[in-house]
Amino acid sequence: NDRSFNLSHGYANNAIRTSKYSIFTFLPLNLFEQFRRLANAYFLFLLILQLIPQISSLSWFTTAVPLVFVLSISAVKDANDDINRHKCDRQVNNRKVDVLMDGQLKNEKWMNVQVGDIVKLENNEFVTADLLLLSSSEPLNLVYVETAELDGETNLKVKQALTATGELEDNIEALAAFNGEVRCEPPNNRLDKFKGTLTMNDDIYALDNDKMLLRGCTLRNTEWCFGLVIFGGPDTKLMQNSGKSVFKRTSIDHLMNILVLCIFGFLGFMCAIMAILNAFWEASEGSLFTVFLPREAGIDAHLSSFLTFWSYVIILNTVVPISLYVSMEVIRLGNSFFINWDRKMYYPKNDTPAQARTTTLSEELGQIKYIFSDKTGTLTQNIMTFNKCSINGKAYGEQLCLRKQMITLVDFSWNNLADPKFSFHDHSLVEMVRSGNPETQEFFRLLSLCHTVMPEEKKEGELNYQAQSPDEGALVTAARNFGFVFRSRTPETITVIEMGKQVIYKLLAVLDFNNVRKRMSVIVRGPEGKLTLYCKGADTIILERLDPSCNKLMKLTTNHLNEYAGDGLRTLALAYKDLDESYMKDWTQRHHEASIAMEEREEKLDELYEEIEKDMMLLGATAVEDKLQDGVPQTIEQLAKADIKIWVLTGDKQETAENIGYSCNMLREEMKDVFFVSANTAEGVKEELLKMCPEAAEEPSVTTSRGGLFWVEKMETVQDEKVDGEYGLIINGHSLAFALEKNLRLELLRTACMCQTVICCRVTPLQKAQVVQLVKKYKQAVTLAIGDGANDVSMIKAAHIGVGISGQEGMQAVLSSDFSFAQFRYLQRLLLVHGRWSYIRMCKFLGYFFYKNFTFTLMHFWYAFFCGFSAQTVYDEWFITFYNTIYTALPVLGLSLFEQDVNDRWSLQHPQLYTPGQKNQYFNKKAFVRCVMHSCYSSLILFFIPWASMHDTVRDDGKDIADYQSFALLAQTCLLIVVFAQLFLDTYYWTAINQLFVWASIAVYFAITFTMYSSGMFLIFTSAFPFTGTARNSLNQPNVWLTIFLSSLLCVLPVVAFRFILIQLRPTINDEVRAKARKEALPAPAPRRTLKKRITRRSGYAFSHSQGYGALVMSQKFLLKGHMRRLALFDHRDSPMVQNQPQHYRTITEESESQSP
C-alpha cells in the first residue's frame, strides 16, 4: 500500500481507452483508413486527374461529389461509433470508488486508481480493477460476484479471502498498515487461472483465481469488501480478452475483388485502344483542324495520345462506380434489420428476438453447405430431469407401463423440504429409501454431498439451488426429494437434512472436476468421525478405479448404463471409499504443499487425486434426460433436403451422441451403414477410415487452383466421391486427434464428405475449430457453426458464419457470434428464407448494377469513333453526376431490399430452392461475362439507333435537330428508360415502395432535366448549364419519342424472348415453384410430426460439467469465532439470476402440461 513505491515500477494505470480517435486525429486517421480501400484510393486518383486541364474533359465535381458523399457517410458512421466508445470510456473511467490513501478512505475516480492501492467495494458495485480479495463483511471472508460481463453467466460465483488477510476486516488502521509483497504471473487473458504468492510477516501464502475479483464483475449480496489492486486498466483480464474480433468477408466480397481487378484491366484495355486510335486520327485527320483549332504549345500527336489515355480513364471510370460499395452496405444493413424484425424467430418464453450481430454477412447465409453444431443446449434444451437410476444393481425409474399409461406420480408430501416441481414415477425407490435400505440411502447421501451447488433460502423451507451445470442441479434436487436435503454450506461444513434429521458433515477437501479428470470427489467427516470419500464421474473413469470386489455389481450397473444410453440419457457413475485417519493426515499435508507450489502446481495436485481415488466401492449410476429442443428433427430434415450437410461436434460420449443423432433424425435406420472410428493409433484410424470405401483410390483426389486477388493464393480442393446409398460416420476425440494430423486429414475429409451425417464426440474446443478449418480449407464451401456455450466460441469464430444460441450455458457463444436466436429450429428460417432472399437480392443487385453502368459507360466508347477519340462525353455532365447517386439509386435499392422469388411459406415448403446458392449459380464469373455482353448489345442499340434516327433529321418546323446537345439528351433519356425497363423485368415481387422509387425517379429525372436546361439556369450559371432550351426543343418532337420507344423495344425484346425460351426448355427449380405458386394457394405451415422412438442398447456415458469451483466452497484453516449464521446467498432481489432463475428443472409432464392449451 505504498503508492510512491508502486508508481516507480511503471505499472499501467486504471484508465481504459477503447476509442480509436481524438478530435485532432479523427480526420487524418479516418481518411487514411478509408483510402486504404482500393476503390476509394482509385477514385481519389481520378479526382486528381480531373484537376489537370490538359487531360480532363469532365468537371471535377462529377467525381468529387460522389466521393465526398461516400467518405462523409463512412466518416459520420465511424465518428458516431467512436463517440459512443468515448462516452463508454468516460462513463467507466469516471466511476467513483473508495480508495485507502494516507490512512483514510477517499472517493476517487477509477482512472486515478493505481496498482498497489487498497479499495473498498460495496454491494452491487462493479469491481474496479483486478483485485486480490483481502477481507469481506461475510462470514469466512466470502464474497459473491456476478460475472455476466466477463462470461455471460448470471449465476453467482463465490470468492474467498486468505485467512491471514481476512483478520484485517474493515479496520482502516490495520488496512493502512498492511505491508506485503505480491509476486504473480504477468498480465494475460486466462479468466480461469491465476498464480501468485503473497509474502506477509515472513509467511508465504499461495494465491489462485479463487482469491481474485476480476474487473467487470459485480459484487452481490455482500455488504462490503476490501481488495488490493493487482492489475489495472489495459492489464486487467477483461481488457486482455477484449481483442479484435475476426474480420469475416463473404464469398461475394472475394469475387468482387477479382471482378473489380478484371474491370480495371478492361478499363485500361479500352483506354489504350482509344489512345492508339487517337494517335492515328491525329496523324491522318487532326492536322486538318489545326487551322481553326490550333494545338497548345508543346503538344504533338504522341503527347496528345498519352493525354487521351488518361482522359478516357476519367470518362470510363463509371464501370466501377463509387456508389456500388455504399449500396452493398445499405442492402446488407437492410437484410439484417429484416432478420431482427422477424416475429417468427422471436422466442416469447425468454423474450429473445433473433439478432443480426454482424451486418456484413447476410448474403452468405444463402450459400451454406456445411453446418457444425454443438449438441448440448443447441440440439437439446440443457434442462435436465432426473429420470432413472441404478442402485446396488437394481434399476429404478420406469415411467411407462405396458399399456402406455402414465403411472401415478410419487407423493413426496412426507418430505416438507421436497421440491414441488420434481416428479418421479417409480414408487419402489421411495419405499427403499424410507425403509432404511443402507445402499439406497448412501446413494442419495453422495448426491447431497458431492457437488459445488450453492443453496438459496429466502424463506424457511423454500430452497433454491444455484448450480454450475443443469445436470448437477437436477441430481441435488433428486436427492432433496428422496429425503437427503442439501440445506446449507460453509467453507468447512455441509449441512444435510437426512430423512428429517439435521446432519452436519465436516468438509475436508474438494477434488474438483476438470476435462481431464472427468470426475469430482469430496472428502467429508461424518458426525461419528468417520472419514469418507464420495466420487461421481464418467463411468469409464469410475469403473477403472473400483475395488475388485465390485466386479459383479459393475456388470449389472454397466447393463443398466447401456439401457440408459440407448434412450439418449446422460449418465454418471457413483462410488465411495472409507479412509484411514493416519493416511488422511499424511495426504492432507502433501496436498497443502502441492497447493502452494509455484511450479507444476496442477500436475502435483492431479497426482495426489489419482492416488486417493482408487479402490472405491460402486454405489450405482444416475440417468438424466436432456430433452431435444422443439422442432430439431424437422429442422434437420429440412436442411438435409436443402443439401446442407450437418456435422455434430460434441463433448458427450460416443453412444449418447449416437442416440441423440437418431433422435434428431440425423442418423436413420434406413441408412446403408454407420461407421465408427475409435482406434487409438494413427494406423488404426487410417484402416477404419478406409473401411467405408475399400475400392476407392489410396490417396484422395485433390485439385489445385489459383485464387485470391492476384491469383497468387494456392487453393487445394478435395473432390467428392460418389457412393451408393447414405452413410453415417461417428468418430471419437482420440481418433480425431490422429485423423487431424497432416498425413491423415485429407483421408478423414474424403470419408466424412461421403457420409450424409458426421458426429464427432468427446472433442475439445480446439478440435472443433480444427474440423471447421479443415472443411473451409479443402472443400471451398461456406460453413456455419452453431453453439451455445463457451466451448463453442472457437468453432463459431473459425466458421464463415457463427450462430449463437442464448441458452442455459451463459452468453459466451452469443457474444462471439454473427447471428443469434433462442432455438435451433429458427436456423431453417434464417437460412432457407432470410439467407436465400439475401443472396438472391445481392446477386440481382450486382447483375443489374453492372448492367446499367457498363451500358452507361460503353456509350462513351462508341461515341469516341465520332468525336475523333478526343475524350468528349456523350452525356451532359450533370447527368453523369446524378446517374448513380439520384436517378438510379433508389430503384435498385428497392429491388435489392424487397425482392422475393417466392414467399417464406413456399421457401420452407421447397428447401431445394436453396441449392443454387450453394453452387453460386446466381452471380459468378460467367454471369458477369453475360452481363457485360448484354451491356455491349444494349449500348450499341442505345447509341446507334438514336444516332441513325437523328442523322440528317429536321424538326417539324424544318429546323435542324441533329446537334450534340439534342443527341446527348436523347441518348441519356433512352438509357434511363431501358435500365428501368430491365428493372421491371428483373423484379418478381412488387411493393408500393418499389413502385414509388421507380416512378418517382423517372419524374425526378424529367424535373431536373427541364430545370437545368432552362433559360433561367443558363442566365444565372452560364458556364455550368450550357444545354439551354434543349429539353424543351427536343422532347416536343414525335420522332424523338418514337426513337425512345424503338430503342427500348430493341433492348427489351431479346431479353424477354431469351428468358421465355429458357423457361420452356430448361426450367429451374425456382421457375417450377413460382409457376406452382401462381396456380395454387399458399401452403399451410408444416405440422410438427412426432418421430418414432428408436429402441437401441448401447453404452453411453456423458458427464457435462465445466471446470468446477470446488476449492471455493471450503477452507481448511480458517476457524470461525462466534456465532455462525446461515449464509443468505441471494438477498439481492434485483439480481437477474433471481428474476430469470436460469437453473430450472422441469419434468416432461410439467412441460407437456404447460404447452397444452
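Everything numeric here is computed off the predicted structure, so don't read it as measured data. (Residues numbered from 1 in each chain as written. Predicted model: local features only at pLDDT ≥ 70, side-chain atom pairs only at ≥ 80, totals over all residues. Heavy atoms only, no water.)

Student: Let's hear about the overall build of the protein chain: which residues, and what values?
Tutor: When helices and strands are counted, the protein chain shows 40 helices and 34 strands. Counting all 1157 residues of the protein chain, 56% fall into the buried class. Here the analysis covers contacts within the protein chain between residues at least 6 apart in sequence; of these, 75% occur between residues at least 24 apart. Of the roughly 50900 Å² of accessible surface on the protein chain, a fraction of 57% belongs to carbon and sulfur atoms. (Helix = DSSP H or I, 4+ residues; strand = E, 2+ residues; numbered from the N terminus. Buried < 20%, exposed > 50% of the residue type's maximum accessible area, 1.4 Å probe, protein only. Contact = heavy atoms within 4.5 Å. Areas by Shrake-Rupley, 256 points an atom, 1.4 Å probe, with all protein chains shown as cover.)

Student: I'd like to hear about the sheet that holds strand E14 (residues 368-373), residue by residue, with values.
Tutor: Read across the open sheet, the 9 strands follow the order E13-E34-E33-E32-E14-E26-E31-E30-E27; overall the sheet is mixed. What marks the edges here is a single partner per strand, and that holds for strand E13 (355-356) and strand E27 (673-677). Across 5 bridges, E14 lies against strand E32 (residues 782-787) in parallel orientation. Its bridge partner lying in E32, Ile368 is registered against Val782. (Pairing = 2+ DSSP bridges.)

Student: Any chance you could break down the pairing of strand E1 (residues 96-101) for me, citing the residues and the numbers?
Tutor: For E1 and strand E2 (residues 104-109), the ladder comprises 6 bridges, and the chain directions are antiparallel. Considered in E2, the bridge of Asp98 is made with Asn107. In textbook terms, the turn of a hairpin is the stretch between consecutive antiparallel strands, and for E1 and E2 this stretch comprises 2 residues, one of which, Asp102, has a positive phi near 55 degrees.

Student: Describe in detail a negative patch on the surface, supporting the description with residues and values.
Tutor: There is a patch of like negative charges on the surface, built from Glu167, Glu169, Asp170 and Glu223. By the element assignment, Glu167 lies in the loop between helix H6 (163-166) and helix H7 (172-176). In this structure Glu167 comes out as exposed when scored by relative accessible area, which is 60%. (Patch = residues over 30% accessible without salt bridge, like charges linked within 9 Å, V, L, I, M, F, W, Y side chains within 5 Å. Salt bridge = Lys/Arg side-chain N within 4 Å of Asp/Glu carboxyl O. Lys, Arg positive; Asp, Glu negative; His and termini not counted. Charge placed at Lys NZ, Arg CZ, Asp CG, Glu CD.)

Student: Pulling in residues and values, what's your account of a nonpolar patch on the surface?
Tutor: There is a patch of nonpolar side chains on the surface, built from Phe865, Phe866, Leu940, Phe944 and Trp947 and spanning about 430 Å² of accessible area. Along the polypeptide, Phe944 turns up in helix H32 (residues 925-950).

Student: Would you mind going over the UniProt feature "active site" (unreviewed entry) in the protein chain in detail, with residue names and values included?
Tutor: Within this structure's numbering, the places UniProt gives as "active site" (unreviewed entry) are Asp374. Structurally, the position occupied by Asp374 is in the loop between E14 and strand E15 (380-391). When sequence neighbours within four positions are dropped, the list of residues in contact with Asp374 reads Leu379, Leu649, Thr650, Lys768, Ile786, Gly787, Asp788, Asp792 and Met795. Looking at Asp374, its side chain comes within polar contact range of the side chain of Lys768, at 3.4 Å. (UniProt positions renumbered as here; feature names shortened; annotations may be inferred. Polar contact = N/O pair within 3.5 Å; in protein donor to acceptor, adjacent residues only side chain to side chain.)

Student: Before we move on, could you go through the sheet that holds strand E8 (residues 196-200) and cite the residues and values that matter?
Tutor: Taken in spatial order, the 3 strands line up as E7-E8-E9 in an open sheet, and their pairing is antiparallel. The sheet is open, and its two borders are formed by strand E7 (181-184) and strand E9 (203-207), each paired with just one other strand. Adjacent strand axes in the sheet meet at a mean angle of 20 degrees when their direction is disregarded. When E8 meets E9, the two strands line up antiparallel, connected through 5 bridges. In the sheet register, Thr197 faces E9, and the bridge partner there is Ala206. (Axes fitted to C-alpha atoms, helices over the stretch in contact; angles between N-to-C directions.)

Student: Tell me what's going on with the nonpolar core, and back it up with residues and numbers.
Tutor: Formed by 98 residues in total, the largest nonpolar core has its most connected members in Leu846 and Phe850. Take this core: its biggest share by element is 17 residues, from helix H27 (residues 826-864). Not counting residues within four places of it along the chain, the set of residues in contact with Phe850 comprises Met256, Ile263, Val319, Leu324, Phe923, Phe928, Cys931 and Ser935. Formed by 49 residues, the second largest nonpolar core is a distinct cluster that contains Leu447, Ile494, Tyr534 and Leu619. (Core = buried A, V, L, I, M, F, W, Y, C linked by side-chain atoms within 4.5 Å.)

Student: Residues and numbers for the packing of H27 against helix H33 (residues 964-986), please.
Tutor: Orientation of H27 relative to H33, taken along the N-to-C sense of each, is 160 degrees, at an axis distance of 11 Å. Accordingly, the angle class assigned to the pair H27 and H33 is roughly antiparallel. H27 and H33 meet at a crossing whose hand is right-handed. Seen from H27, the contacting residues are Lys844, Tyr848, Tyr851, Lys852, Thr855, Phe856, Met859 and Tyr863; seen from H33, they are Tyr964, Phe967, Ala971, Leu975, Val978, Val979, Phe980, Gln982, Leu983 and Asp986. Tallied by class, the residues present in the contact of H27 with H33 amount to 13 nonpolar, 2 polar and 3 charged. (Parallel < 35°, antiparallel > 145°, perpendicular 65-115°, else oblique. Left-handed = near helix turned anticlockwise from the far one by under 90°. Nonpolar A, V, L, I, M, F, W, Y, C, P; charged D, E, K, R; others polar.)

Student: Would you mind going over helix H12 (residues 427-434) in detail, with residue names and values included?
Tutor: Considered for burial, the residues of H12 that qualify are Leu429, Val430 and Val433. Taken down its axis, H12 places every buried residue within 100 degrees of arc, on the same side. The first or second residue beyond H12 is Gly436, which carries a positive phi of 90 degrees. (Arc of directions from axis to C-beta.)

Student: Please provide a residue-by-residue account of the environment of Ala538, values included.
Tutor: Along the chain, the position of Ala538 falls in the loop between strand E23 (531-537) and helix H15 (539-543). Residue Ala538 is classed as buried on the basis of its relative accessible area of 0%.

Student: Break down the packing of aromatic side chains for me, with residues and values.
Tutor: The relation between two aromatic rings is expressed through the spacing of the ring centres and the mutual angle of the planes. Enumeration over the complete set of coordinates arrives at 56 aromatic pairs. With a centroid separation of 5.4 Å and 85 degrees between ring planes, the pair formed by Phe424 and Phe482 is classed as edge-to-face. With Phe424 in the loop between strand E16 (394-396) and H12 and Phe482 in the loop between helix H14 (470-481) and strand E19 (484-489), the pair connects residues that are 58 residues apart, well separated along the chain. Residue Phe482 is classed as buried on the basis of its relative accessible area of 0%. Between Phe856 and Tyr883, the ring centres sit 4.4 Å apart and the planes meet at 10 degrees, which makes this aromatic pair stacked. Of this pair, Phe856 sits in helix H27 while Tyr883 sits in helix H28 (residues 877-887), and the two are 27 residues apart along the sequence. Looking at Tyr883, the relative accessible area reads 0%, which means it is buried. (Phe/Tyr/Trp six-rings, centres within 6.5 Å; stacked < 30°, edge-to-face > 60°.)

Student: Just give me the short version of the environment of Leu259, but keep the residues and values in it.
Tutor: Assignment of secondary structure puts Leu259 in helix H9 (residues 251-284). Once the C-alpha coordinates of Leu259 and Asn924 are considered, the two residues, 665 residues apart in sequence, prove to be 9.4 Å apart. With residues near it in sequence (within four places) discarded, Leu259 still touches Phe923, Lys925 and Phe928.

Student: Outline the pattern of salt bridges, supporting the account with residue identities and numerical values.
Tutor: Evaluated as defined, the whole model comprises 28 salt bridges. One salt bridge connects Glu363 with Arg332, and the closest N-O pair in it is separated by 2.6 Å. Taken together, the positions of Glu363 in the loop between E13 and E14 and Arg332 in helix H11 (residues 323-340) put the pair 31 residues apart, joining distant regions of the chain. Taking relative accessible area as the criterion, Glu363 reaches 0% and is therefore assigned buried. Classification of Arg332 as buried rests on a relative accessible area of 1%. Here Glu611 ties to Arg590 by a salt bridge, and the two come within 2.7 Å at their closest N and O atoms. Highlighted residues: Glu611 in helix H18 (residues 601-612) and Arg590 in helix H17 (residues 581-595), separated in sequence by 21 residues. By relative accessible area, which is 27% here, Glu611 ends up partly exposed.

Student: Which residues make up the state of the cysteines, and what values do they have?
Tutor: As enumerated under the stated definition, the model contains 0 disulfides in all. This cysteine, Cys753, is not joined by any disulfide, and Cys755 carries the nearest cysteine sulfur, 8.8 Å off. (Disulfide = S-S within 2.5 Å.)

Student: I'd like a description of the packing of H17 against H18, backed by residues and values.
Tutor: Where H17 meets H18, the closest approach of the two axes is 9 Å, and the angle between their N-to-C directions is 165 degrees. One finds that H17 runs roughly antiparallel with respect to H18. Here H17 and H18 pass one another in a crossing that is left-handed. Touching Tyr583, Met584, Trp587, Arg590, His591, Ala594 and Ser595 of H17 are Arg601, Lys604, Leu605, Leu608, Tyr609, Glu611 and Ile612, all from H18. Tallied by class, the residues present in the contact of H17 with H18 amount to 8 nonpolar, 2 polar and 4 charged.

Student: So what's going on with H32? Which residues, and what values?
Tutor: Taking 1.5 Å per residue as the helical rise, H32 with its 26 residues ought to reach 38 Å, and the 38 Å between its terminal C-alpha atoms agrees with that figure. When H32 is considered as a whole, its buried residues turn out to be Ala927, Phe928, Cys931, Val932, Ser935, Ser938, Ser939, Ile941, Leu942, Phe943, Pro946 and Met950. Of the surrounding elements, those touching the buried residues of H32 are H9, H27, H33 and helix H37 (1038-1065). Sitting at the amino-terminal end of H32 is Asn924, which places a side-chain oxygen 3.1 Å from the backbone nitrogen of Lys926. Within two residues after H32, Asp952 carries a phi angle of roughly 55 degrees, on the positive side. (Expected span 1.5 Å × (residues − 1).)

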